[in-house]
Structures are given as structure tokens and as C-alpha cells.
Amino acid sequence: MLDFLLKHAKERPTSFHMPGHKGSELFRRFGYQKFTSALVDCDITEIDGADNLFQPETIIREIQEQYKGLYESQKTYLLVNGASVGIIAAILSVVEPGGKLILARNCHKAAFNALRLGNITPVYIYPEILEECGLSGPVTASQIQQLLLKNLDAKAVMVTSPNYYGICSDIQEIAEVVHKLGKILIVDQAHGAHLKFLHEKFPEGGMPKSAEDSGADIVINSTHKTLASFTQSAILNICSDKIPLDIIEDRLQMLETTSPSYMLMGSLAVNASLLKKAGTELMQDWAENLNMFYDQSKVFENIKVIGVRPEILCLDRSKINIDVSDLKISPFELVRILENRYSIYPELVTGNIIMFMSGIGNVRKDYENLLLALHKIEKELEDEPNRKVPPKKELPPYPKEQKLLQPVPKNPQKVHLEEAEGRVCAASIVPYPPGYPVVCPGEVITAEVIAYVKALRENGENVLGISEDGLIQTGPRSENQNSRAEILSRIAELKNSVKK
Ligand SMILES: Cc1ncc(COP(=O)(O)O)c(C=O)c1O
């Protein structure tokens, strides 16, 4: 571990992956090296004067207040277990045990874990899959309205925006619909902590408004992903008076570690201070660098940069997605060349898309390095006439609404994926990244799911919930193959008979 970390640090790589600070240079540039060089000595516990995360009165409360000011929230909580814990706490605070939640199916696995912890029934909103790039697209206000009208007993709606690739939903429209029906809107903005500050630097469009400014009630931000706090630190913003703070606080203390790291909380303090001190300058630079990148990327002939024309998609353009299906090498080969030859590290590969995640700590040179490297690789490949474009990686369609909710199997068995059709899933299968499950516990494993997961694995992508030799956890074969409508009417019948 240490050899790996130190070797990587020594390489001084160009980082287009999380975290957003991109290394020590940002802290040095803005005068925070006193903190970074004393980091180990800042690793303390709740000694006198150090305050307490779960009853903040002094120095922790001060940082919370700073974030409240920065995001114009009603209250902000610091998180030391990532946005993941904020998502779970938010859901368990607003949906009662056994209640119902309208949930975008492309939410992070943390949301699905909350469903299990709270025995919550989800009603899924399926985002469209974007034809131009095969990525999961936005969810719409009209989809949500339809589902809410059919499920008036749902307490809240939860969506992710931006998603991992930066694709955003129209939170303002969604908030209007949700509030008209008296429900609560939770937005997982793990990938968009910067939107509040970067949006205004794109007056012509091309950087969506933050969920805080669009009417969401609870917004969870991974400040570590795109801003300057350390990995695992995050914040939860309360943006309306509909949220019971005592319950949120109770859930957070239940779920978080009792030894919150002062290194992480200190990094949240640095991030707040940096945004206050140099936020305007840093956001301006970031916007200019992105504009330069998108503009210059028009020289590519076989690399398609998604969102060059901002009007096409509601896209957070700080995530640079390139489609390399016309290039004469596979995405993974390209990544290997970028890493080994140019020391440039992207965030992820999905199908033919490589995503480069920019952050507050990236400087002009990083974008230039990326442009130059891609341009050079593209040219070299063109000069190899005998090299052919490898067969295009077509992923089968993302599995759609096959969902037949069954009780989660109590005594799961390990079964090979290819023999699992018709069985009830006992442990989520999650491509990671991006981290949203293809199939969840209690759902039936369909032929579509099997084909999709198989294709991801053949593509070399990382899939959680399946062993190296292809085994997954399942219950018995689903006996009840009735339609969802039949099942729901059965449940209604049972509820009625219980009432009687
Ligand atoms: C959409 C989304 N939400 C939430 C999370 C969890 O964030 P964290 O890593 O801060 O716990 C992730 C992680 O990548 C994510 O992609």
C-alpha cells in the first residue's frame, strides 16, 4: 500500500479523478500548507475545545455556519462518512419505516441501502438512456408527477443530479411538482458541490443551477469529489423548514462513526475558507479552462467530446466525457496509454465513454496536457494504416422495468450468473463506477439483467456483487411470475383484510 501511494504521489500525475483538490499544490498556493504539513498532529479526538460533531457548539458549529452562508441553506451538517451517509440519513428522516419513496432508479447504492434499512418501498423513476452516448439521462417532472399521483402515500422523492457523467435533471421543475403535491424533494448532488459557485460563471448556459437554488428540500454534496475537502468528507444542506432537524440529527448520530476525523473536518474548514477567500477567482479559472478545453477539442477527428454544444444536454460540463468508439483502440487501451505514457488519470470508463472529472484544483496545464495527449494519440493512430477500428462495444440495453418485488431471500445461495434467470436477487449487483444497481435484493434476475452484467464484465468494467468466477447471491427461483399489477392488487387485498 505505502509503496503504491508514495510512488503515485512522486509521479506528480495529472488527476482527472476524485478528489477535487488534485493534490497538495492547491493548498500550498492558497496558504494552507500549515494545515497539510501538520495533518498527522491534527488527528485528534474530542479533547477540550475540539467541540463534538453530534452536538456542535463551538469550532464545528462555526464551520457549519460558514457552509450555511456559502450555500444559503437553512442548516448545514458536516459529514465524515461521505455523501453516502447523508443520503441514508435523509431518506430515513423523511420516510417512516415501511413507508414509500419515489426514487430515481439511477441513484447511488446508498439510497438502495436506505430502502433496506427502513423497509421502505420504492417506486422507481426510470431515466431515459441517451441515444447519442448510451448514458443514463435525466428524469423529468412529468414522470414524477405521474408517479406521485398514483402513489399519494409516498412521503418524498429522491433524484440524483448531476449523475456521475454530469447529466442533470431539471430540479426546479421537479421541485414545483413535488411541492404542489405536498412532498419532500431530496437531491443527491454528490457530484455537483461546485454548481452553487460555478453556475454563474457560465452566463450563456452550460452549467446547471445548484439544487439549493432550484427549490430542493435536502441536498447532499460530496465536497470531496469536485471541491477541496478530503475524500470521505461531505455536507448535507437543509434548504426548507419542512425537515425535522432533530430527526435528521438523530439519524446522523446513529449512522456515522463516533470517532469523526478532525483531519476530515479540518479539510472541510479549509474548503469553506478557500471558497470564501478565493472562490470567485478559482471558479473563474475553472470556467475559462473548461471553455478552452471544449473549444480546442473541436480539432479532434475521431474523438467525440460530449456536450461541446451545451444546448444539447443539461450537462455539468466539469465532467468531460469523450466517446472513443471511432478510435482505432479500445477505451481501456487508451486509458493505459494516458496513464503510462502521459501520467494522466481519468475517473472512469463505461462502454465507449471515458470520463475525466475536473475539480477545483485542476490548473490550465492539466487541460492542456489532456488535449495534447489525446491529440497526439489520435494522430499516431491515424498514421498506422494497418490498424483497424476495433469492433464497437455495444452494451445491451440497460435492463428496464422488470421489477417484481419479492421478500429479500433469507438464506441466499451462490449461483452462477448465467444460471440465475428467474431467481430472486439477494445482494445488489452494482457496476462501480457509476454505482447504481442493475438489480436489487428482492427483484427477479431477468435475462436482460444477465446479458447486461455479462457485457459489462466482458468489457472489463468493475461490477460489485459478483465474484470473479461469476457467482451471485440469490434466493430460490421466483415462483410468482405474475405481473406487477397483479402483485400490487394482491398487496392491496392483503392490506384490506388486515384492516378488517
Ligand atoms: C451519485 C452518487 N451519489 C453518492 C455517492 C456517494 O458519495 P460518497 O463517496 O461521498 O459517499 C456517489 C459516489 O460516487 C455517487 O456517484
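As the structure is a prediction and not an experimental result, all values here were calculated from the model.

*Asks:* Could you clarify how one ought to interpret the sheet that holds strand β9 (residues 304-305) in this entry?
*Replies:* Ordered by their spatial adjacency, 4 strands build an open sheet running β9-β10-β13-β12, and the pairing between neighbours is antiparallel. Each edge of the open sheet carries a strand with a single partner, namely β9 and β12 (348-350). Pairing geometry for β12 and strand β13 (residues 353-357), over 3 bridges, is antiparallel. Opposite T350, over in β13, you have I353 as the bridge partner. Against the sheet, helix α13 (residues 331-342) contacts β10 (319-323), β12 and β13, and its axis sits at roughly 35° relative to β13.

*Asks:* Could you clarify how one ought to interpret the pattern of salt bridges in this entry?
*Replies:* Pairs can form between side chains of opposite charge whenever their charged atoms are close. This model, assessed by the stated rule, comprises 13 salt bridges. Between K242 and D217 there is a salt bridge, with its nearest N and O atoms 3.1 Å apart. With a gap of 25 residues between them, K242 in the loop between β8 (234-238) and α11 (245-255) and D217 in the loop between α9 (195-198) and β7 (218-221) connect regions that are remote in the sequence. Among the residues examined, K242 registers a relative accessible area of 38% and is labelled partly exposed. Among the ionic pairs, E382 bridges to K379, the shortest N-O distance being 3.6 Å.

*Asks:* I would appreciate a short explanation of the domain arrangement of the chain in the present structure.
*Replies:* How large an interface is tends to be reported as the accessible area lost when its parts come together. The assigned domain composition of the chain is domain 1 (22-276), domain 2 (279-382) and domain 3 (413-499). Computed from C-alpha atoms alone, the centre-to-centre distance between domain 1 and domain 3 is 28 Å. Between domain 1 and domain 3, roughly 1000 Å² of surface is buried when both sides are summed, and carbon and sulfur atoms account for 55% of that area. Its largest share of buried area at the contact with domain 3, domain 1 owes to R105, K109 and Y164, together 44% of the area lost on that side. At the surface where domain 1 touches domain 3, the tally comes to 1 salt bridge. One salt bridge connects R105 with E443, and the closest N-O pair in it is separated by 2.7 Å.

*Asks:* Would you mind going over the site of the ligand with me for this structure?
*Replies:* Near the ligand you find 15 residues, and of these A83, S84, D188, H191 and S222 are the closest. Side-chain polar atom of S222 to an oxygen atom of the ligand: 2.8 Å apart, as the coordinates give it. Contributing elements (two or more residues each) for the shell around the ligand: α5 (82-94) and α10 (223-226). Element by element, the count of residues in the shell around the ligand is highest for α5, at 4 residues. Here the shell around the ligand is built from residues that sort into 6 nonpolar, 7 polar and 2 charged.

*Asks:* Can you walk me through the sheet that holds strand β15 (residues 423-425) in this structure?
*Replies:* The pairing of strands in a sheet comes from backbone hydrogen bonds and takes either a parallel or an antiparallel form. Strand order in the open sheet formed by 3 strands is β14-β18-β15, with antiparallel pairing between adjacent strands. Looking at strand neighbours, the two that pair on one side only are β14 (413-416) and β15, the edges of this open sheet. Looking at each pair of strands side by side, their axes are set apart by 65° on average, direction ignored. Here β15 pairs with strand β18 (residues 471-477) via 2 bridges, running antiparallel. Directly across from C425, in β18, lies its bridge partner T474.

*Asks:* Is there a simple way to explain the environment of T76 in this structure?
*Replies:* Turning to its location among the elements, T76 is positioned in strand β2 (residues 75-79). Judged by relative accessible area, T76 falls into the buried class, the value being 1%. When the C-alpha atoms of T76 and G475 are compared, they prove to be 41 Å apart, with 399 residues separating the residues in sequence. Those residues in contact with T76, other than ones at most four positions away along the chain, are Q64, Y67, K68, I235, L236 and N237. A distance of 2.8 Å separates the side chain of T76 from the side chain of S73, its partner in a polar contact. A polar side-chain atom of T76 sits 2.6 Å from a polar atom in the side chain of N237.

*Asks:* Please explain helix α12 (residues 262-296) as it appears in this structure.
*Replies:* In an α-helix, one full turn covers 3.6 residues, which means residues spaced three or four apart are oriented alike. Taking 1.5 Å of rise per residue, 35 residues should cover 51 Å, yet α12 covers just 42 Å from first to last C-alpha, more than 12% shy of that figure. A maximum bend of about 80° is found in α12 at A278. The distance from a side-chain oxygen at the start of α12 to the backbone nitrogen of M263 is 3.1 Å, and the residue carrying that oxygen is S261.

*Asks:* Just checking my understanding: could you explain the nonpolar core for this structure?
*Replies:* Nonpolar side chains tend to gather and get buried jointly when the protein is soluble and globular. Judged by nonpolar contacts, the single largest core of 65 residues is most densely connected at I322, L334 and I360. When residues of this core are traced back to their parent elements, those giving at least two are α2 (24-29), α4 (59-71), α9, α12, β10, α13, β13 and α14 (364-382). Taken domain by domain, the makeup of this core includes at least three residues from each of domain 1 (22-276) and domain 2 (279-382). Beyond its immediate chain neighbours, meaning those up to four positions away, I322 contacts I303, K304, V305, L334, N352, I353, I354, F356 and L374.

Calculation notes
Residues numbered from 1 in each chain as written. Predicted model: local features only at pLDDT ≥ 70, side-chain atom pairs only at ≥ 80, totals over all residues. Heavy atoms only, no water. Pairing = 2+ DSSP bridges. Helix = DSSP H or I, 4+ residues; strand = E, 2+ residues; numbered from the N terminus. Contact = heavy atoms within 4.5 Å. Axes fitted to C-alpha atoms, helices over the stretch in contact; angles between N-to-C directions. Salt bridge = Lys/Arg side-chain N within 4 Å of Asp/Glu carboxyl O. Buried < 20%, exposed > 50% of the residue type's maximum accessible area, 1.4 Å probe, protein only. Domains from an automatic or database assignment. Buried area = accessible area lost by both parts, 1.4 Å probe. Near = heavy atom within 4 Å. Polar contact = N/O pair within 3.5 Å; in protein donor to acceptor, adjacent residues only side chain to side chain. Nonpolar A, V, L, I, M, F, W, Y, C, P; charged D, E, K, R; others polar. Expected span 1.5 Å × (residues − 1). Bend = angle between axes of the 7 residues up to and from the residue. Core = buried A, V, L, I, M, F, W, Y, C linked by side-chain atoms within 4.5 Å.

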